[in-house]
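# Close look at the chain arrangement
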Amino acid sequence: MKEPFSRLLGLTDRSNQEEVKQIPVQDIVPSPYQPRSVFDDARIDDLCQTIKTHGVIQPIVVRVRNGKYEIIAGERRWRAVTKLGMEHIPAIVREINDSQAASVALIENLQRENLTALEEAIAYQKLIDLHQLTQESLAQRLGKSQSTIANKIRLLQLGETVRNALLERKITERHGRALLSLPNEEMQNKLLGEIIEKDLNVKQTETRIAFYLEASKPKKTKRFSFSKDVRLALNTIRQSVDMVNGSGIPIDASEKDCEDHIEIIIRIPKR
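Residues numbered from 1 in each chain as written. Predicted model: local features only at pLDDT ≥ 70, side-chain atom pairs only at ≥ 80, totals over all residues. Heavy atoms only, no water.

Cut-off, in case you're wondering: UniProt positions are given in the numbering used here, feature names are shortened, and annotations may be inferred rather than shown by experiment.
Under an unreviewed UniProt entry, the protein has the name Nucleoid occlusion protein and belongs to Cohnella abietis. Its UniProt record, at the heading Subcellular location (unreviewed entry), says of the protein: "Cytoplasm, Nucleoid". Per UniProt, the comment on the protein under Sequence similarities (unreviewed entry) is "Belongs to the ParB family."

### Details of the overall build of the protein
As a reminder of what qualifies: Secondary structure follows DSSP: runs of H or I at least 4 residues long count as helices, runs of E at least 2 residues long count as strands, and numbering of each begins at the N terminus. Buried means the residue's accessible area, taken with a 1.4 Å probe over protein chains only, is under 20% of the maximum for its type, while exposed means over 50%, and partly exposed covers the values in between. Every residue pair with non-hydrogen atoms within 4.5 Å of one another is taken to be in contact. Values of accessible area rely on a 1.4 Å probe in the Shrake-Rupley scheme; residue burial ignores everything except the protein chains shown.
Looking only at helices and strands, one finds 12 helices and 7 strands in the protein. Expressed as a percentage of the 271 residues in the protein, the buried residues total 37%. Long-range contacts, defined as pairs at least 24 residues apart, comprise 68% of the intrachain contacts of the protein with a sequence gap of at least 6. Counting every atom, the protein has about 17200 Å² of accessible surface; 48% of that belongs to carbon and sulfur.

### Here we look at empty space enclosed by the protein
Convention followed: Using a grid of 1 Å spacing that covers the protein atoms alone, one calls a set of points a cavity when a 1.4 Å probe fits there but cannot get out, and a pocket when the set is open and has protein on both sides within 12 Å along at least five of seven lines; lining residues are those with an atom within 4 Å of a point. Grid points are joined across faces, edges and corners, and a volume is the space filled by probe spheres set on the points. Charged residues are taken to be Asp, Glu, Lys and Arg, nonpolar residues to be Ala, Val, Leu, Ile, Met, Phe, Trp, Tyr, Cys and Pro, and polar residues to be all remaining types, Gly included.
Under the defined criterion, the tally for this structure stands at 1 cavity of 30 Å³ or more. Roughly 40 Å³ of volume is contained in the largest cavity. Surrounding the largest cavity, S31, Q34, I71, I72, A73, E75, A105, E108 and N109 form its lining. Of all the secondary-structure elements, those providing two or more residues to the lining of the largest cavity are strand 4 (68–73) and helix 4 (98–110). For the lining of the largest cavity, a count of residues per class yields 4 nonpolar, 3 polar and 2 charged.

### Here we look at the packing of helix 5 (residues 117–131) against helix 7 (residues 146–154)
Our working definition: Axis geometry follows a simple rule: fit a line to the C-alpha atoms, using only the stretch in contact for helices, then measure angles between N-to-C directions, giving values from 0 to 180 degrees. Relative orientations are named as follows: roughly parallel for angles under 35 degrees, roughly antiparallel for angles over 145 degrees, roughly perpendicular for angles from 65 to 115 degrees, and oblique for any other angle.
The geometry of helix 5 relative to helix 7 is characterised by a closest axis approach of 8 Å and an angle of 110 degrees between their N-to-C directions. The pairing of helix 5 with helix 7 is recorded here as roughly perpendicular in orientation. On helix 7, the residues touching A117, E120, A121, Y124, Q125 and I128 of helix 5 are I149, K152 and I153. Taken together, the residues of the contact of helix 5 with helix 7 sort by class into 6 nonpolar, 1 polar and 2 charged.

Below is the structure:
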């Protein structure tokens, strides 16, 4: 996957020719383009153990910004070194623009397999925006199918609560795609609560979605048709009531449409 990414950015791997410097850890800041919003503490701890045993084998990549070293690639290594209390970290300093810095940060994370589905979606969309690509052209450069890219990016249409659940791995990507069928965030959030509380699998979730959609359809009003004789009888009664009312006798008449008959009550005052 590395070669297609290099072609995508027009960058080549110069790490073998570049000078590795020991940079103060306190002078380094994370990348504003980092797509990963959740860092697994257990994985950072594992990396800490590796660094304690073998040191930092691969230098991080940084660029100078506002008197600090901004990380381009290697934030997990920097976090591990910071956690260990080390004062310096090996780094390569590069001069690249914002677009290239953003792309490299996105690419480094996409090459790893532990991004959440939503983080992947964010990274894909940012690459599309940065390089003015279509989903199809991005898919070709990444060696993926266009449907894979499209399905990931569709997750960005989910409500904020569901997106957070994806980031925290409380639900799977397939749960998220299923929830896209619901028309609003309120319904998504309601079903999300059921998924988490009842540990619903994707099939069960789809069944619940079908129920939600059916229940949300407007109820049809039942219409009853009357025979010609019944209509004639009703009209005759109504005309008779109107005629008596017209003669000066105040008649009160009410109709009730029951399941198998029509009930008419006529009240004639005695005085």
